[in-house]
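Structural features, examined
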Amino acid sequence: MGMRRRIRTEVAGLMAWWPVHVPAPVTVLFVAMVTGAGTGLLAELLRNLISWLADIACLAGLRRGRLDYGMLFLPFAGMLLAMLYQRYVARQQYAHGTARIIRTLSRQRGNFKMGRWGWINSILTCGLTVGLGSSAGSEGPAAYSGASFGSAAARFFRMPRRWVRIMLAIGAGAGIAGIFKSPVGGTLYALEVLEIGLSTLPVIALVLACLTASTMAYLISGYTFSMDLLMSMNFNPHDLGWVALLGIFCGLYSIVYVWSKDKVADMLRGIRNEWLKVVVAGVGMSLVVFMVPAFFGEGMVMAGDLINDRFPDVLDQGIIPVSGDAGLWFFVVLGIILLLKGPLVAAANYGGGVAGEMVPALFVGSVAGYFFGMVLNTFCGCEIHVWYMALVGMAAILGNASHAPLMSIFIVSECTNSMQYMPAYMMCVFISYAVMKVVSPASVWSATDHDDLLDLHKYFVRSGDSRPQGQKPR
């Protein structure tokens, strides 16, 4: 007991000494580096927890052409355990991490806390949800965990309230950088999705935190990228025509994807009883995963197979096992994945679980691109590199699902180490984004009163002046 009291006294003395003797800019950069290192460690903890639970769920034990009846209850069990943990242990909800971060940043008062032990509770609940089979992602909880860590670190060093808010956003960006091993992607997440206005020193701190987080995750994981891209080809300008057509296809598909996801979310929000909600969402999730095991978890193994032009072995399992001969059932299963992925992501997030929505967009983007290329090759006699379409499709669907095209370009290029395909990414992403915005201009974050640049432009147009309010003409 005496040792604990002595440690507390020493820490209190250090915290009283620090702001007096250490310059404020040094404190900002130091806290940013600490936030990045801690968040990168948490991101790897989440990734390993999901992998460990997936192994326990016997995913590796699935046999070709056979059914795994454990899938009939494991996803439901994961969502139920996550709901129970939030309800009775953490006593706080951790779903919809990005939306919660945006709401916290928009507060005018308060200390910008993210909840007691939020940095670890979001990881545990996401591990239970995704690790046991729910078809969703891990980046939202990683961002929430980083935001909670950044807020706690800033308050520990007794930084002013304004800097606590900034460190919260920096921690969220570091979480994205750590989970994708994408420092530029994490930086753009804070700037493009959270839309937090930063001056020079905060931007430097943000970049430092994202670099530290991605480096920490890179070192712990054994110097590997998030997805290994083994394919390569020389740049051919003629391929950009197919890329442009893929952009149109991805833009139209994104409308269906977001619409189906929103419909299921509205249905689950209408269920007031939390127990009934988790039963409906969990049982539905388990049935679909049992019939099509490709929906199990994040799906990044299958996405890695598609971008490397390998037939995913997971498609040989389930109710409709298919082979790699591009027969009718092959296209049927890919179509089922494209149609049901959005509703399953909504079920995981609104049915009691804790998960993210960006990783599923990467997965379904790879399927959409592969489907597009295979249809043209099989039925139109084209000779398109289908792995290339799958790779570029990942960036397009991610940009549309998150309403952050710049972030999506760098996340895909960094997590697959494929910067050489930047022209294709840019063309496909922006064409796809433009097609989607023409039909469905509202942002996915509009429910948080936080929309993207197109709606900001419309505001200026309605006001009769394209200059921001208060800016005088020269």
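Residues numbered from 1 in each chain as written. Predicted model: local features only at pLDDT ≥ 70, side-chain atom pairs only at ≥ 80, totals over all residues. Heavy atoms only, no water.

**A few points about the overall build of the protein chain**
- Broken down by element type, the protein chain carries 18 helices and zero strands.
- The burial tally for the protein chain puts 55% of its 474 residues in the buried class.
- Sequence separation of at least 24 residues holds for 78% of the intrachain contacts in the protein chain that already meet a minimum separation of 6.
- Split by element, the accessible area of the protein chain, about 20900 Å² in all, is 64% carbon and sulfur. (Helix = DSSP H or I, 4+ residues; strand = E, 2+ residues; numbered from the N terminus. Buried < 20%, exposed > 50% of the residue type's maximum accessible area, 1.4 Å probe, protein only. Contact = heavy atoms within 4.5 Å. Areas by Shrake-Rupley, 256 points an atom, 1.4 Å probe, with all protein chains shown as cover.)

**Overview of the packing of aromatic side chains**
- Applying the stated criterion to the full structure yields 16 aromatic pairs.
- Seen from their ring centres, F331 and F379 are 5.3 Å apart, and the 50° between their planes marks the pair as tilted. Of this pair, F331 sits in helix α13 (residues 328-350) while F379 sits in helix α14 (residues 358-379), and the two are 48 residues apart along the sequence.
- By relative accessible area, F379 is classed as exposed at 59%.
- Lying over the aromatic face of W163, R162 brings its terminal NZ or CZ to 5.0 Å of the ring centre. (Phe/Tyr/Trp six-rings, centres within 6.5 Å; stacked < 30°, edge-to-face > 60°. Lys NZ or Arg CZ within 6 Å of the ring centre and 35° of its normal.)

**Focus on a nonpolar patch on the surface**
- Side chains of Y69, L72, V279, V283, L287, M291 and I319 sit close together on the surface and give an oily, nonpolar patch of about 610 Å² of accessible area.
- Residue position: V283 is located in helix α11 (residues 274-291). (Patch = residues over 30% accessible without salt bridge, like charges linked within 9 Å, V, L, I, M, F, W, Y side chains within 5 Å. Salt bridge = Lys/Arg side-chain N within 4 Å of Asp/Glu carboxyl O.)

**Here we look at unusual backbone geometry**
- With a phi close to 55°, E195 is a non-glycine residue in the positive phi region.
- Position of E195 among the secondary structure elements: in the loop between α8 (183-193) and α9 (200-220).
- We classify E195 as partly exposed; its relative accessible area is 31%.

**Re the nonpolar core**
- If you look at the biggest cluster of nonpolar residues, it comprises 142 residues, and the most contacted ones within it are I101, Y189, L194, M302, I337 and Y388.
- Discounting residues that sit within four places of it in the chain, I337 has contacts with V292, A294, F295, M302, L315, F363, V364 and V367. (Core = buried A, V, L, I, M, F, W, Y, C linked by side-chain atoms within 4.5 Å.)

**Describing helix α15 (residues 386-402)**
- With 17 residues, α15 should cover 24 Å at 1.5 Å per step; its first-to-last C-alpha distance of 24 Å lies within 8% of that length.
- Within α15, 17 of the 17 residues are buried, leaving the element largely enclosed by the surrounding structure.
- Two residues or fewer after α15 comes H403, characterised by a positive phi angle close to 55°. (Expected span 1.5 Å × (residues − 1).)

**Details of the environment of V333**
- The topology assignment puts V333 in helix α13.
- For V333, a relative accessible area of 4% translates into the label buried.
- Taking the C-alpha atoms as reference, V333 lies 9.5 Å from A294; in sequence the two are 39 residues apart.

**Focus: the pattern of salt bridges**
- Enumeration over the complete set of coordinates arrives at five salt bridges.
- Linking K261 and E357 is a salt bridge whose minimum nitrogen-to-oxygen distance equals 2.9 Å. One end of the pair, K261, is in helix α10 (residues 239-269); the other, E357, is in the loop between α13 and α14, with 96 residues separating them in the sequence.
- Here E274 makes a salt bridge to K277, at a shortest N to O gap of 3.8 Å. Taken together, the residues span about one helical turn, with E274 and K277 both in helix α11 at a distance of three residues.
- Exposure remark for E274: the relative accessible area of 33% places this residue in the partly exposed category.

**What about the confidence of the model for the protein chain?**
- Overall, the prediction assigns the protein chain a mean pLDDT of 85, with 86% of residues at 70 or greater.
- For residues 60-65, every residue scores under 50 in pLDDT, and the model assigns this stretch 10 contacts once sequence neighbours within four places are set aside.
- With pLDDT under 50 throughout, residues 446-450 is counted as low confidence; its partners more than four residues away or in other chains account for 11 contacts. (pLDDT = per-residue confidence, 0-100.)

**Considerations on the packing of helix α2 (residues 24-56) against helix α5 (residues 118-131)**
- As a packed pair, α2 and α5 sit with axes 8 Å apart at the nearest point and diverge in direction by 30°. For the element pair α2 / α5, the angle class is roughly parallel. You can see that α2 and α5 cross each other, and the crossing is right-handed. Each of L42, L45, L46, L49, I50, L53 and A54 in α2 lies in contact with α5, whose residues at this interface are W119, I120, I123, L124, C126, G127, L128, V130 and G131.
- In terms of residue class, the contact of α2 with α5 is built from 14 nonpolar, two polar and no charged. (Axes fitted to C-alpha atoms, helices over the stretch in contact; angles between N-to-C directions. Parallel < 35°, antiparallel > 145°, perpendicular 65-115°, else oblique. Left-handed = near helix turned anticlockwise from the far one by under 90°. Nonpolar A, V, L, I, M, F, W, Y, C, P; charged D, E, K, R; others polar.)

**Some remarks on the side chain of S151**
- By the secondary structure assignment, S151 is in helix α6 (residues 139-156).
- On the accessibility criterion, S151 (0% relative accessible area) is buried.
- Among the polar contacts listed, one links the side chain of S151 to the backbone oxygen of F112, at a separation of 2.6 Å.
- Apart from residues no more than four positions distant in its own chain, S151 is found in contact with N111, F112, K113, V164, M167 and L168. (Polar contact = N/O pair within 3.5 Å; in protein donor to acceptor, adjacent residues only side chain to side chain.)

**Side note on the packing of α10 against α14**
- Interhelical geometry of α10 versus α14 gives an angle of 130° and a closest axis separation of 10 Å. By the criterion of interaxial angle, the relationship of α10 to α14 is oblique. The handedness of the crossing between α10 and α14 comes out as right-handed. Contacts from W242, L245, L246, F249, Y253 and Y257 in α10 reach P360, A361, V364, A368, G369, F371, F372 and L376 in α14.
- Of the residues contributing to the contact of α10 with α14, the split by class is 13 nonpolar, one polar and no charged.

**Quick word on the environment of R100**
- Note that R100 resides in helix α4 (residues 97-105).
- Look at R100 and you get partly exposed, because its relative accessible area is 27%.
- Once the C-alpha coordinates of R100 and G140 are considered, the two residues, 40 residues apart in sequence, prove to be 9.8 Å apart.
- What R100 contacts, discounting residues up to four positions off in sequence, is Q93, Y94, A95 and Y144.

**Some remarks on the environment of K181**
- Note that K181 resides in the loop between α7 (161-180) and α8.
- Separated by 233 residues in sequence, K181 and E414 place their C-alpha atoms 7.2 Å apart.
- Those residues in contact with K181 that lie beyond four places of it in its chain are E44, R47, I176, S214, A217, Y218, S221, T224, F225, S226 and E414.
- Side chain to side chain, K181 and S221 meet in a polar contact 2.6 Å long.
- Only 2.8 Å separates the side chain of K181 from the backbone oxygen of T224, close enough to count as a polar contact.

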